[in-house]
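# Per-entry structural report
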Amino acid sequence: MTYHYQPIQLSEFKRLENILKELEAIVRRENKRHEMDQHLMIGSLDVLEDEIIPLVDEIVNYDPTP
């Protein structure tokens, strides 16, 4: 007997929500580590916190009302 499973289809919006949650979790984990033990460079972490996460958050939590 052969089973054919299709991958779960996620909407692109849901994928962005998941990416946002993952990025926020990465930043939280990195901030808990000592500066010498961090996996990301400090500049990369700043870019995530100050630029990338706010932009993705703006897309995910878009409010069309003025």
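The rules we used
- Counting from 1, residues in each chain are numbered in the order their sequence is written.
- Totals for whole chains, interfaces and linings use all residues, but because this is a predicted model, local features are given only for residues with pLDDT of at least 70 and pairs of side-chain atoms are given and counted only at 80 or more.
- Side-chain numbers come from the whole structure's heavy atoms, not from hydrogens or water.
- Secondary structure is summarised from DSSP: a helix means a run of H or I of at least four residues, a strand means a run of E of at least two, and numbering begins at the N terminus for each.
- Relative accessibility under 20% of the residue-type maximum defines a buried residue, over 50% an exposed one, and the middle range a partly exposed one, all with a 1.4 Å probe and only protein chains included.
- In this analysis, two residues are considered to be in contact whenever any of their non-hydrogen atoms come within 4.5 Å of each other.
- A 3.5 Å cut-off defines polar contacts: any pair of N or O atoms within that distance qualifies, except that in protein one atom must be a possible hydrogen donor and the other a possible acceptor, and neighbouring residues in sequence count only when both atoms are side-chain atoms.
- An expected span of 1.5 Å times one less than the residue number is assigned to each helix.
- Consider a residue and the seven residues that end there alongside the seven that start there; fitting an axis to each set, the bend is the angle between those axes.
- Should a side-chain nitrogen of Lys or Arg be within 4 Å of a carboxyl oxygen of Asp or Glu, the pair is scored as a salt bridge.

### Observations regarding the environment of E30
- The residue E30 is located in helix 1 (residues 12-32) in this model.
- When its relative accessible area of 3% is taken as the criterion, E30 is described as buried.
- Residues E30 and I42 lie twelve residues apart in sequence; the distance between their C-alpha atoms is 9.5 Å.
- Excluding its chain neighbours within four sequence positions, the residues that come into contact with E30 are Q38, H39, L40 and L45.

### So, the side chain of Q38
- Tracing the sequence through the fold places Q38 in the loop between helix 1 and helix 2 (42-60).
- The exposure class assigned to Q38 is buried, which follows from its relative accessible area of 18%.
- Engagement of the side chain of Q38 in a polar contact is seen with the backbone oxygen of E30, the distance being 3.0 Å.
- When sequence neighbours within four positions are dropped, the list of residues in contact with Q38 reads E30, N31, R33 and L45.

### Section: helix 2
- The end-to-end C-alpha separation of helix 2 is 26 Å, in line with the 27 Å expected for 19 residues at 1.5 Å each.
- Along helix 2, the sharpest change in direction is near 40° and occurs at L48.
- Listed as buried for helix 2 are L45, L48, I53, V56 and V60.
- Tucked into the core, helix 2 has its buried residues touching helix 1.

### Side note on the environment of D46
- Here D46 shows up in helix 2.
- Sequence-wise, D46 and V27 are 19 residues apart; in three dimensions their C-alpha atoms are separated by 9.2 Å.

### As for the pattern of salt bridges
- On inspection of all chains with the given rule, the structure shows three salt bridges.
- One salt bridge in this structure joins E17 and K14, with 3.6 Å as the shortest N-O distance. Placement of both E17 and K14 in helix 1 is noted, with a separation of three residues, approximately one turn of the helix.
- Among the residues examined, E17 registers a relative accessible area of 23% and is labelled partly exposed.
- Among the salt bridges present, the one from R29 reaches E22, with a minimum N-O distance of 3.9 Å.

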